[in-house]
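Residue-level structural notes
One letter stands for each residue in the lines below.
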Amino acid sequence: MSSQDEQFQAAAPDLAASSADDGMTWWYRWLCRIAGVIGGMSCAFAGLWNCVTINPLNIAAGVWMMLNAFVLFLCEAPFCCQFIEFANAVSARADKLRPWQKAAFYCGMAVFPVMLSLTLTTLFGNAIAFATGVLYGLSALGKKGDAISYARIHQQQKQMDEEKLTGALEGQAL
């Protein structure tokens, strides 16, 4: 096996092993990854556009946005960073994070440039990166329950309410 094949296998994260841990389906995991890559591209382009100014806060926000793009590419698409030696290690560590940790990290990264310089460029540039964090946050909530269990819970609660009501009416009658 060539060293290039080894790099490719190391760059491609093992999705089957981590999917059992967090309960995400394969299509939702790919949706989050694609949103991360698109969010990285939007951060990079908007960050570069934001740096073409004389306002120092806009330049700082643009640099932070380009750093966000680099981190998103590093965590979600390590094959884009195959010539960086530590890319595989960072991607493997990011894959071990729980979805709520990724959500907090991505949303926090996306909010900082907006707080630094509130412009349309920073808002639209960080919107998809923030949406990636929201997608990971939704996956942290878990799967939606089925209708049968909800109906059973509702029926039990209704029965307890009726028992309380009949107990209160009997207490008033005595």
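Heads up: the structure comes first, above all this text.
Anyway, here's the lowdown on the structure attached to this text. (Residues numbered from 1 in each chain as written. Predicted model: local features only at pLDDT ≥ 70, side-chain atom pairs only at ≥ 80, totals over all residues. Heavy atoms only, no water.)

1. Some remarks on the overall build of the protein chain
- Counting its regular elements, the protein chain contains eight helices and zero strands.
- Expressed as a percentage of the 174 residues in the protein chain, the buried residues total 32%.
- Intrachain contacts of the protein chain at a sequence separation of at least 6 include 64% that bridge at least 24 residues.
- Within the structure as shown, the protein chain displays about 11600 Å² of accessible surface, and the carbon and sulfur contribution to it stands at 68%. (Helix = DSSP H or I, 4+ residues; strand = E, 2+ residues; numbered from the N terminus. Buried < 20%, exposed > 50% of the residue type's maximum accessible area, 1.4 Å probe, protein only. Contact = heavy atoms within 4.5 Å. Areas by Shrake-Rupley, 256 points an atom, 1.4 Å probe, with all protein chains shown as cover.)

2. Thoughts on the packing of aromatic side chains
- Inspection of every chain in the model, using the stated rule, returns four aromatic pairs.
- Look at Trp 27 and Tyr 28: their rings are 5.8 Å apart centre to centre, the planes differ by 85°, and that puts the pair in the edge-to-face class.
- A relative accessible area of 14% means that Tyr 28 is categorised as buried. (Phe/Tyr/Trp six-rings, centres within 6.5 Å; stacked < 30°, edge-to-face > 60°.)

3. What to know about the pattern of salt bridges
- Under the counting rule described, the total for this entry stands at three salt bridges.
- Its salt-bridge partner being Asp 95, residue Arg 33 comes within 2.7 Å of it at the nearest N-O pair. Residue Arg 33 is located in helix 3 (residues 26-50), and its partner Asp 95 is located in helix 5 (residues 87-96); the two are separated by 62 residues in the primary sequence. Here Arg 33 matches Asp 95 in class, with each residue buried.
- Overall, the relative accessible area of 17% leaves Asp 95 in the buried class.
- Connected through salt bridges with shared partners, the residues Arg 33, Glu 76, Asp 95 and Lys 102 form a single ionic network. (Salt bridge = Lys/Arg side-chain N within 4 Å of Asp/Glu carboxyl O.)

4. Thoughts on helix 4 (residues 56-76)
- For helix 4, with 21 residues, the first-to-last C-alpha span of 30 Å sits near the 30 Å given by 1.5 Å per residue.
- For helix 4, the secondary structure elements touched by its buried residues are helix 3, helix 5, helix 6 (99-116) and helix 7 (120-141).
- Between the side-chain oxygen at the start of helix 4 and the backbone nitrogen of Leu 57 there is a gap of 3.3 Å, and the oxygen is on Asn 55. (Expected span 1.5 Å × (residues − 1). Polar contact = N/O pair within 3.5 Å; in protein donor to acceptor, adjacent residues only side chain to side chain.)

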